[in-house]
Amino acid sequence: MLGLITYLALELMSGALWGLIPLLVGKSTGKIELGKLGMLCSILANLICMGVVAAVGFLIAILVRSEDIRPLFRSSAPAYQPPVQQPPRVMVGQGVAGLSLSCIAGPLVGQIYPIGQGGLTIGRGPGCGVHLPENTPGISWEHCAIRFQQGVPVLIDLNSSYGTFQGDGTKLPPQYPVQLAPGSRFYLGTPSCLFQVIAR
């Protein structure tokens, strides 16, 4: 009986020594709870001579970046999550009516396109309301669109290859609406293809 108690005590102490590895690494990486759990599992697993396996498993779990693990469990997560600071919500009926889009730089310079209720798509595709020449560099087939959300005009990048940028150079995240108003400027790919929203 004494031999069994001595054996169990030695196994538990040995497991505790193995458990110190995930515990210390967990503390140093800010994952203390995972480190404590690793130590506990190493102690218990060492009763069946598996303490080292438990310690190594938790060590890997602690050191692997959470960014590398998340996609395995959230494969359907959106590619982009909008920032916390949202543009101000505007009530229906406060939208800007009578808007047009003026091309102030690029192959369509001088052209003006009225923005109707259905909005306006910009790109190289023949179905676009603003149809850029097919050989225009940096412009996608359907590059971006102006649409109305709750009566307010917004600019949306349609997953373009080279990006849609506000006049100050801020790149629009794909499929994320940015509010427009008369005087708003944006460009496609580079500032050499520049547009401005104007009031009719």
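See above for the structure.
Bear in mind that the values here come from a model prediction, so they are computed numbers and not experimental data. Every chain's residues receive numbers from 1 upward, in the order its sequence appears when written. Side-chain atom pairs in this predicted model are given and counted only at pLDDT of 80 or more, local residue features only at pLDDT of at least 70, and totals for whole chains, interfaces and linings cover all residues. Water and hydrogen atoms play no part in the side-chain values, which are based on all heavy atoms of the structure.

Quick look at the packing of aromatic side chains
The criterion, for reference: Pairs were defined over the aromatic rings of Phe, Tyr and Trp, the Trp ring being its six-membered one, requiring ring centres within 6.5 Å. Orientation was assigned from the angle between planes: stacked under 30 degrees, edge-to-face over 60, tilted for the rest. A run of H or I in DSSP becomes a helix once it reaches four residues, and a run of E becomes a strand once it reaches two; helices and strands are each numbered from the N terminus. Here the term buried applies to any residue with accessible area under 20% of the maximum for its type, exposed to any over 50%, and partly exposed to those in between, with areas from a 1.4 Å probe on protein chains only.
Within this structure, the stated rule accounts for 2 aromatic pairs. On the basis of an interplanar angle of 10° and a centroid distance of 5.1 Å, the ring pair of Phe165 and Tyr187 is categorised as stacked. Residue Phe165 is found in strand S7 (residues 164-166), and its partner Tyr187 is found in strand S9 (residues 185-188); the two are separated by 22 residues along the sequence. Residue class for Tyr187 comes out buried when judged on its relative accessible area of 10%. Ring centres of Phe186 and Phe195 lie 5.7 Å apart, and the angle between their planes is 20°; on these two criteria the pair is classed as stacked. Relative accessible area serves as the criterion here: at 0%, Phe195 is assigned to the buried category.

Description of unusual backbone geometry
Positive phi, normally seen in glycine, also occurs at Gln150, with a value near 55°. With respect to the helices, strands and loops of the structure, Gln150 is situated in the loop between strand S5 (144-149) and strand S6 (152-157). Phi is positive for Gln175, which is not a glycine, with a value near 65°.

Looking at the side chain of Arg124
Put simply, the rule is: Charge counting treats Lys and Arg as positive and Asp and Glu as negative, with His and both chain ends excluded. Any carboxyl oxygen of Asp or Glu within 4 Å of a side-chain nitrogen of Lys or Arg constitutes a salt bridge here. A 3.5 Å cut-off defines polar contacts: any pair of N or O atoms within that distance qualifies, except that in protein one atom must be a possible hydrogen donor and the other a possible acceptor, and neighbouring residues in sequence count only when both atoms are side-chain atoms. Any two residues having at least one pair of non-hydrogen atoms within 4.5 Å are treated as being in contact.
Within the secondary structure, Arg124 is located in the loop between strand S3 (120-123) and strand S4 (130-131). The buried charged residue Arg124 lacks any salt bridge, with Glu134 as its nearest oppositely charged partner at 5.0 Å. Within the local environment of Arg124, its side chain forms a polar contact with the backbone oxygen of Glu134, the two atoms lying 3.2 Å apart. At 2.5 Å, the side chain of Arg124 and the backbone oxygen of Ile139 are in polar contact. Among residues more than four places away in sequence, those in contact with Arg124 are His131, Leu132, Pro133, Glu134, Thr136, Ile139, Ser140 and Trp141.

A word on the environment of Pro174
Mapped onto the fold, Pro174 is located in the loop between S7 and strand S8 (178-179). Look at Pro174 and you get partly exposed, because its relative accessible area is 39%. A C-alpha to C-alpha distance of 7.6 Å links Pro174 and Ser160, two positions 14 residues apart in sequence. Beyond its immediate chain neighbours, meaning those up to four positions away, Pro174 contacts Asp157 and Asn159.

Quick word on the nonpolar core
So the rule is basically this: Put simply, a nonpolar core is a bunch of buried Ala, Val, Leu, Ile, Met, Phe, Trp, Tyr and Cys residues held in one set by side-chain atoms that sit within 4.5 Å of each other.
One finds Leu101, Ile122, Val130, Ile146, Phe186, Leu188 and Phe195 to be the most contacted residues of the largest nonpolar core, which totals 23 residues. Mapped onto this core, the elements with two or more residues apiece are strand S1 (99-105), S3, S5, S9 and strand S10 (194-199). A per-element tally of this core places S1 first, with 3 residues. Setting aside residues up to four positions removed in sequence, Val130 forms contacts with Leu101, Leu108, Tyr113, Leu120, Thr121, Ile122, Gly123 and Phe195.

Quick notes on the sheet that holds S6
Quick note on the threshold: Pairing between two strands is assigned when DSSP locates at least 2 bridges connecting them.
Here we have 5 strands laid out as an open sheet, ordered S4-S3-S5-S6-S8, and mixed in their pairing. Across the chains shown, the open sheet's two edge strands, defined by having one partner strand only, are S4 and S8. In this structure, S3 lies alongside S5, joined through 3 bridges in antiparallel fashion. Opposite Leu120, over in S5, you have Ile146 as the bridge partner.

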